[in-house]
Amino acid sequence: MQADESGGSNGLWSDVAPSDWNDWRWQLRHRITTLETLETLLPLTTEEREGTLLAGKKLALGITPYFFNLINRSDPHCPIRRQVIPRVEETAVAPWELTDPCGEDERMPVPGLVHRYVDRVLFLVTDRCASYCRYCTRSRVVSGVGERQLETDFSAAIEYIRRHAEVRDVLLSGGDPLLLSDERLEHLLAELRAIPHVEILRIGSRVPVFLPQRITPELCAMLKQFHPLWMSIHTNHPREATTEMAAACGRLADAGIPLGNQTVLLRGVNDDPVVMKSLMHKLLVMRVRPYYIYQCDLVRGTDHLRTSVRQGIKIMESLRGHTTGYAVPEYVIDAPGGGGKIPVGPVTVAAHDKQRVLIRNHEGELYEYPERNEECVPCPP
Ligand SMILES: *Cc1c(COP(=O)(O)O)cnc(C)c1O
């Protein structure tokens, strides 16, 4: 039996009372974390069984019952399944893969605080998530079994932000910040909000997708005290856009939180123009603005999940000009070694000199725009 997208069915957990099922703490307590449990729920392939046996040494297995229910259990290629069930390919490391693919560890002035861009910081507030994505960019520290430990120094991080007046944007991530209790999160947000030069706060979370029950009215009421507060969620496939997720996003949007979405381009999940366009449309219906599509980082053991950049650009070409502009995110590569996010959209400037710029539209036709003959205003250093 597959999850009923219209809601009301708990699938494999049909005997669970709705009051339990809709309780985020129940969902967390009943996460699937062992091979034994997993095998009682669906027939694993050999690759998955071996992968799950080895997962405990790299990135833990963890899936909420809610998200597990979205798996089509009779399809070994199910795009939901590929995101959260380990495979033996995870143990193969390609020569170009890295422990710290975006070079974050070298840019931590304080443990747990990444300062890569001048005016904003990434604050890693927990190493736990509601479920674990097999392609996690931070698998070295996330889930508690990776190569390293996340040892965030909260008071030093807040002190650092206080002393760096150029930081106007603080992005909470992890792990998933929405796994903290309302009280912890409120305390942390209050401390950051009290810093005068911090203009905006942001939370990066996959909880609306993995555990929409966590988005309670109480959480939303707490968050809205800290505006302007933005949130980036992480959705990869249109099947994740359930009524539960829509309701959770609706509560966040009603609390005045602008919602963006980050998608990771994944082989066999969403490396297809039709799937990607459908996802983008579903996000807009949920009042979520597609923000980024990421080329999959060079995380160790993720080669089987990566797609070519060529295919990524093809997908972008299928979106730009062919659907609502709001449905078109930016396609970026977070450059290996710490270069930051670099856009790799389709090339639209065909030629550019002092007299004219030659531009290509979504139908491949060329147009000319006369260039103005004037000096550019120099960028500030
Ligand atoms: C992605 C990221 C940010 C935020 O980047 P935006 O493009 O502003 O969303 C900030 N710091 C680090 C280290 C990041 O990886």
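Residues numbered from 1 in each chain as written. Predicted model: local features only at pLDDT ≥ 70, side-chain atom pairs only at ≥ 80, totals over all residues. Heavy atoms only, no water.

1. Focus on the packing of helix 7 (residues 154-163) against helix 8 (residues 182-193)
Note the cut-off: Here, axes are lines fitted to C-alpha atoms. For helices the fit covers the stretch in contact, and angles between N-to-C directions go from 0 to 180 degrees. Put simply, DSSP H or I for four residues or longer makes a helix, DSSP E for two residues or longer makes a strand, and each gets a number counted from the N terminus. Any angle that is under 35 degrees is reported as roughly parallel, and any over 145 degrees as roughly antiparallel; angles of 65 to 115 degrees are reported as roughly perpendicular and all others as oblique. By definition in these notes, contact holds between two residues if any of their heavy atoms fall within 4.5 Å.
Where helix 7 contacts helix 8, the two axes come as close as 10 Å, and the packing angle between them is 25°. With respect to helix 8, the axis of helix 7 lies roughly parallel. The segment helix 7 lies against helix 8, with Phe 154, Ile 158, Ile 161 and Arg 162 engaging Arg 184, Leu 188, Glu 191 and Leu 192.

2. What to know about helix 11 (residues 243-254)
Which entries qualify depends on this criterion: What a helix is expected to span follows from its residue count: subtract one and scale by 1.5 Å. Partly exposed residues are those whose accessible area sits between 20% and 50% of the maximum for their type, while under 20% is buried and over 50% is exposed, using a 1.4 Å probe and protein chains only.
Counted at 1.5 Å a residue, the expected span for helix 11 with its 12 residues is 16 Å, and the 16 Å between its end C-alpha atoms agrees. For helix 11, every residue scored as buried is listed here: Met 245, Ala 248, Cys 249, Gly 250, Leu 252 and Ala 253. At the C-terminal side of helix 11, Gly 256 shows a positive phi close to 85°.

3. A short note on the site of the ligand
Threshold: Any residue with a non-hydrogen atom lying within 4 Å of a molecule or strand is treated as near it. Under this definition, polar contacts are N or O atom pairs within 3.5 Å; protein pairs additionally need one hydrogen-donor-capable and one acceptor-capable atom, and for neighbouring residues in sequence, both atoms have to be side-chain atoms. Here the open area of atoms and residues is found with the Shrake-Rupley method and a 1.4 Å probe, where only the protein chains shown may cover a residue. Three classes are used, and their members are as follows: Ala, Val, Leu, Ile, Met, Phe, Trp, Tyr, Cys and Pro are nonpolar, Asp, Glu, Lys and Arg are charged, and the others, Gly among them, are polar.
Around the ligand, the neighbouring residues are Val 114, Arg 116, Tyr 117, Arg 120, Leu 122, Leu 171, Arg 202, Tyr 291, Tyr 292, Asp 334 and Lys 341. Between the ligand and the protein, one listed contact pairs an oxygen atom with a side-chain N or O atom of Arg 202 at 2.9 Å. Note that an oxygen atom of the ligand is positioned 2.6 Å from one of the side-chain N or O atoms of Tyr 291. Protein contact buries 89% of the 380 Å² of open area that the ligand shows by itself. Looking at the shell around the ligand element by element, the count peaks at three residues for strand 1 (residues 113-117). A class-by-class count of the residues in the shell around the ligand yields six nonpolar, no polar and five charged.

4. Focus: the sheet that holds strand 10 (residues 349-352)
Selection criterion: Only strands that DSSP links by at least two bridges are regarded as paired with each other.
Sheet architecture is open: three strands sit in the order 10-11-12, paired in antiparallel fashion. Strands with a single pairing partner mark the edges of an open sheet, and in this sheet they are strand 10 and strand 12 (366-370). Adjacent strand axes in the sheet meet at a mean angle of 20°, parallel and antiparallel pairs treated alike. Across three bridges, strand 10 lies against strand 11 (residues 356-360) in antiparallel orientation. Bridged to His 352 within strand 11 is Val 357.

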